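What follows is the residue order along each chain.
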Amino acid sequence: MRLAVLASGSGTILDAMAEEGLPVSLVLLDRPCKAEMVAAKHKLTCNMAERNSFGANFDRHGYTKQVTDCLAASEIELVAMAGFGTVLGQPIHDAFGGRILNTHPSLLPAFPGWHAVNDALAYGVKITGCTVHVATIEVDSGPILAQQAVPVEANDTVDTLHSRIKQAERPLYVRTLQEIIQRGHVL
């Protein structure tokens with residue numbers, strides 16, 4: 001199964017995937033970032049579909065078509081978002097629907113959205129965690145594939161809690177992808 005990893009950040013999830021031998025056929029970035037160095041370290045093919053606009057004039061459909069075309073040209077079968085900072089539009093779901101995975105730093109459906117860790121702390125939960133799910137056009141609402149609970153400690157800050165969630169997230173995501181690749185389909 002040809003796997004693409006979409007990344008925008010530090011590359012820690014990508015590194016965990018590569019370290020565990022996942023068959024990453026393509027790393028696709030939306031901006032220059034540390035994930036590019038991680039891809040080079042593991043000798044992974046890395047392309048850039050650079051996002052040049054972050055304002056109201058951002059052409060989400062056009063940009064998504066660019067990403068989708070790049071994935072299709074590499075004959076990708078499974079897409080794993082790994083800290084990818086751009087919400088993609090309908091074209092990728094038309095081409096890869098049900099085969100795009102993402103992670104989220106909460107036990108979905110609780111605390112969807114960009115500020116999940118902060119929201120969990122503000123709400124006062126005692127347990128939060130991470131979720132691996134199928135990405136759909138509606139953000140953080142696709143079928144849940146796996147979850148890992150992470151306790152909230154009394155002195156947690158957004159940074160300390162998010163760090164512990166990320167420690168749980170990496171192996172959970174890798175195991176979930178390994179299972180999907182082994183059986184040959186997502187659901």
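The coordinates are above.
Residue positions are given per chain, counted from 1 along the sequence in the order it is written. Restriction of local features to residues with pLDDT of at least 70 applies here, the model being predicted, together with a cutoff of 80 or more for giving and counting side-chain atom pairs; totals for whole chains, interfaces and linings are based on all residues. Computation of side-chain values covers all heavy atoms of the structure but excludes hydrogens and water.

Colleague: Would you mind going over unusual backbone geometry in detail, with residue names and values included?
Modeller: Residues Leu108 and Pro109 are joined by a peptide bond in cis, for which omega reads 15 degrees. Helix and strand definitions here come from DSSP, where helices need a minimum of 4 consecutive H or I residues and strands a minimum of 2 consecutive E residues; each element is numbered from the N-terminal end. As for its placement among the helices and strands, Pro109 is situated in the loop between β5 (100-104) and α5 (116-123). A positive phi angle, near 55 degrees, is found at Phe111, a position not held by glycine. Within the fold, Phe111 resides in the loop between β5 and α5. The buried category is assigned to Phe111, whose relative accessible area is 19%. Relative accessibility thresholds used throughout: buried, under 20% of the residue-type maximum; exposed, over 50%; partly exposed, between the two (1.4 Å probe, protein chains only).

Colleague: Any chance you could break down the packing of α5 against helix α6 (residues 158-183) for me, citing the residues and the numbers?
Modeller: To get an axis, fit a line to the C-alpha atoms, keeping to the stretch in contact for a helix; angles then go from 0 to 180 degrees between the N-to-C directions. Relative orientation of the contacting elements α5 and α6 amounts to 115 degrees, with a least axis distance of 9 Å. When you trace α5 past α6, the crossing you get is right-handed. Contact with α5, carried on its side by Val117, Asn118 and Leu121, involves Val158, Leu161, His162 and Ile165 of α6 and no other residues of that element. Residue classes in the contact of α5 with α6 are distributed as 5 nonpolar, 2 polar and no charged. For any helix crossing, the convention is left-handed if the near helix is rotated counterclockwise from the far helix by under a right angle, and right-handed if that rotation is clockwise. A contact between two residues is defined here by any heavy atoms of the two lying within 4.5 Å. Here the nonpolar group is Ala, Val, Leu, Ile, Met, Phe, Trp, Tyr, Cys and Pro; Asp, Glu, Lys and Arg are the charged ones; every other residue, Gly included, is treated as polar.

Colleague: Could you give an account of the layout of surface pockets, naming the residues involved and the relevant values?
Modeller: A pocket here means an open set of points on a 1 Å grid, computed over the protein atoms alone, that has protein on both sides within 12 Å along at least five of seven lines. A cavity is instead a set of points where a 1.4 Å probe fits but cannot get out; residues with an atom within 4 Å of a point line either one. Grid points are joined across faces, edges and corners, and a volume is the space filled by probe spheres set on the points. The space that makes up the largest pocket amounts to roughly 950 Å³. Residue lining of the largest pocket: 42 residues in total, with Gly83, Phe84, Asn102, Thr103 and Trp114 positioned closest to the centre. Elements supplying a minimum of two residues to the lining of the largest pocket: α1 (12-19), β4 (78-82), α4 (90-96), β5, α5 and α6. With 5 residues, α6 is the largest single contributor of residues to the lining of the largest pocket. Here the lining of the largest pocket is built from residues that sort into 19 nonpolar, 18 polar and 5 charged.

Colleague: Mind laying out the sheet that holds strand β7 (residues 144-151), listing which residues take part and the relevant values?
Modeller: A sheet is described by the order of its strands in space; here 7 strands give the open sequence β3-β2-β1-β4-β5-β6-β7, paired in mixed fashion. With partners counted over all chains shown, the strands left at the sheet margins are β3 (46-48) and β7, one partner each. Within this sheet the neighbouring strands show an average axis-to-axis angle of 20 degrees, counted without direction. Contacts between helix α3 (residues 60-73) and the sheet are confined to β1 (3-7), β2 (24-29), β3 and β4, with β2 contributing the most and set at about 160 degrees to the helix. In this description, strands pair whenever DSSP reports at least two bridges between them.

Colleague: Which residues make up the packing of aromatic side chains, and what are the values?
Modeller: The description of an aromatic ring pair uses the distance of the two centres, along with the angle that the planes make with each other. Planes of paired rings set the category: under 30 degrees apart is stacked, over 60 is edge-to-face and the rest tilted, where pairs are Phe, Tyr or Trp rings (Trp by its six-membered ring) whose centres lie within 6.5 Å. Counted by the stated rule, this structure contains 2 aromatic pairs. Consider the rings of Phe111 and Tyr123, whose centres lie 5.9 Å apart with planes at 65 degrees: the pair is edge-to-face. Of the two residues, Phe111 sits in the loop between β5 and α5 while Tyr123 sits in helix α5, which places them 12 residues apart along the sequence. Any Lys NZ or Arg CZ that is within 6 Å of a ring centre and within 35 degrees of that ring's normal is treated as a charge sitting over the ring. Lying across the ring of Phe58, Arg51 places its NZ or CZ 3.7 Å from the centre.

Distances and angles like these do not, on their own, reveal function.
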